[in-house]
Amino acid sequence: MNAKIAILLALVAVAVADSDEFRGYRAPSVSFHSCHTWLRVLQQAGEWWLQSEESYESSEAQYNFQWAVDHDPSSNEYGHQEARDGDNTKGSYYVELPDGRVQNVAYYVNGDSGYIADVTYTGSAESFESDESNESFRYYGSNESK
């Protein structure tokens, strides 16, 4: 008798599990009422947005900074300075190049005129010999091994 009840319960469980009501995913049901409610919420949000008098515009940008690095052990020397007031920006930077020259860049931006730069070099280029052979810089393709 217990075996018959267990088999009957197992068959009922399989039948219930196989029904569409308990399957994993069904398409969401959309009613006119839910669509109408969301449209009303969006309409009210849009009306509030248009009536809002607060302005989140930022104030005119205004700053001034300067920094420099002079590292004797590595012979690194470079720096940058810039000042901005509204749409007008002016600055310069310099860097010591590997060939011994110093590259100086003076620039300005005036409104929508874009970035205008004047690049100059001081010093003379010096050639230098590396202690490493050119073989150490050889390119190895994907089919070659080192």
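As the structure is a computational prediction, the values presented were derived from the model and not from experiment.

Cut-offs used in this document
Residues numbered from 1 in each chain as written. Predicted model: local features only at pLDDT ≥ 70, side-chain atom pairs only at ≥ 80, totals over all residues. Heavy atoms only, no water. Helix = DSSP H or I, 4+ residues; strand = E, 2+ residues; numbered from the N terminus. Buried < 20%, exposed > 50% of the residue type's maximum accessible area, 1.4 Å probe, protein only. Contact = heavy atoms within 4.5 Å. Areas by Shrake-Rupley, 256 points an atom, 1.4 Å probe, with all protein chains shown as cover. Salt bridge = Lys/Arg side-chain N within 4 Å of Asp/Glu carboxyl O. Phe/Tyr/Trp six-rings, centres within 6.5 Å; stacked < 30°, edge-to-face > 60°. Lys NZ or Arg CZ within 6 Å of the ring centre and 35° of its normal. Pairing = 2+ DSSP bridges. Axes fitted to C-alpha atoms, helices over the stretch in contact; angles between N-to-C directions. Polar contact = N/O pair within 3.5 Å; in protein donor to acceptor, adjacent residues only side chain to side chain.

Caption draft 1: Region of the structure containing the overall build of the protein chain. A count of helical and extended segments in the protein chain gives 2 helices and 5 strands. Counting the 146 residues in the protein chain, one finds 8% classified as buried. Taking all contacts inside the protein chain whose residues are at least 6 apart in sequence as the whole, residues at least 24 apart take part in 14%. Summed over its atoms, the accessible surface of the protein chain is roughly 13300 Å², and 54% of this surface lies on carbon and sulfur atoms.

Caption draft 2: Representation of the pattern of salt bridges in the model. Applying the stated rule across the entire model yields 1 salt bridge. When the shortest N-O distance is used, the salt bridge between Arg-101 and Asp-99 registers 2.8 Å. In this structure Arg-101 comes out as partly exposed when scored by relative accessible area, which is 24%.

Caption draft 3: Looking closely at the packing of aromatic side chains. Overall, the coordinates contain 4 aromatic pairs when judged by the stated rule. With 6.1 Å between their ring centres and 20° between their planes, Tyr-63 and Phe-65 make a pair best called stacked. Between Trp-67 and Tyr-78, the ring centres sit 6.0 Å apart and the planes meet at 80°, which makes this aromatic pair edge-to-face. Here Tyr-78 lies in strand β2 (residues 76-85) and Trp-67 lies in strand β1 (residues 62-71), a separation of 11 residues in the sequence. Taking relative accessible area as the criterion, Trp-67 reaches 41% and is therefore assigned partly exposed. Residue Tyr-78 is classed as partly exposed on the basis of its relative accessible area of 32%. By way of ring pairs, the aromatic residues Tyr-93, Tyr-107 and Tyr-115 are connected into one cluster. Across the ring face of Tyr-121, the terminal group of Arg-101 is positioned such that the distance to the ring centre comes to 4.7 Å.

Caption draft 4: Focus on the sheet that holds β2. Spatially, the 5 strands line up as an open sheet ordered β1-β2-β3-β4-β5, and their pairing is antiparallel. Both outer strands of the open sheet, β1 and β5 (115-122), are each paired with one neighbouring strand and no more. For this sheet the average axis-to-axis angle between neighbouring strands, irrespective of direction, equals 10°. As judged from the 8 bridges shared by strand β4 (residues 102-110) and β5, these two strands associate in the antiparallel manner. Among the inter-strand pairings, Ala-106 is bridged to a residue of β5, identified as Asp-118.

Caption draft 5: The arrangement of the side chain of Asp-99 in detail. Inspection of the secondary structure puts Asp-99 in the loop between β3 (88-96) and β4. The class for Asp-99 is buried, based on a relative accessible area of 18%. For Asp-99, the side chain forms a polar contact with the side chain of Arg-101, separated by 2.8 Å. Apart from residues lying up to four places away in sequence, Asp-99 is in contact with Ser-124, Ala-125 and Glu-126.

Caption draft 6: Quick peek at the environment of Ser-113. Topologically, Ser-113 is positioned in the loop between β4 and β5. Along the primary structure Ser-113 and Asp-87 are separated by 26 residues, whereas in three dimensions their C-alpha atoms are 9.9 Å apart. Within the structure, Ser-113 has its side chain in polar contact with the backbone oxygen of Asn-110 (distance 2.9 Å).

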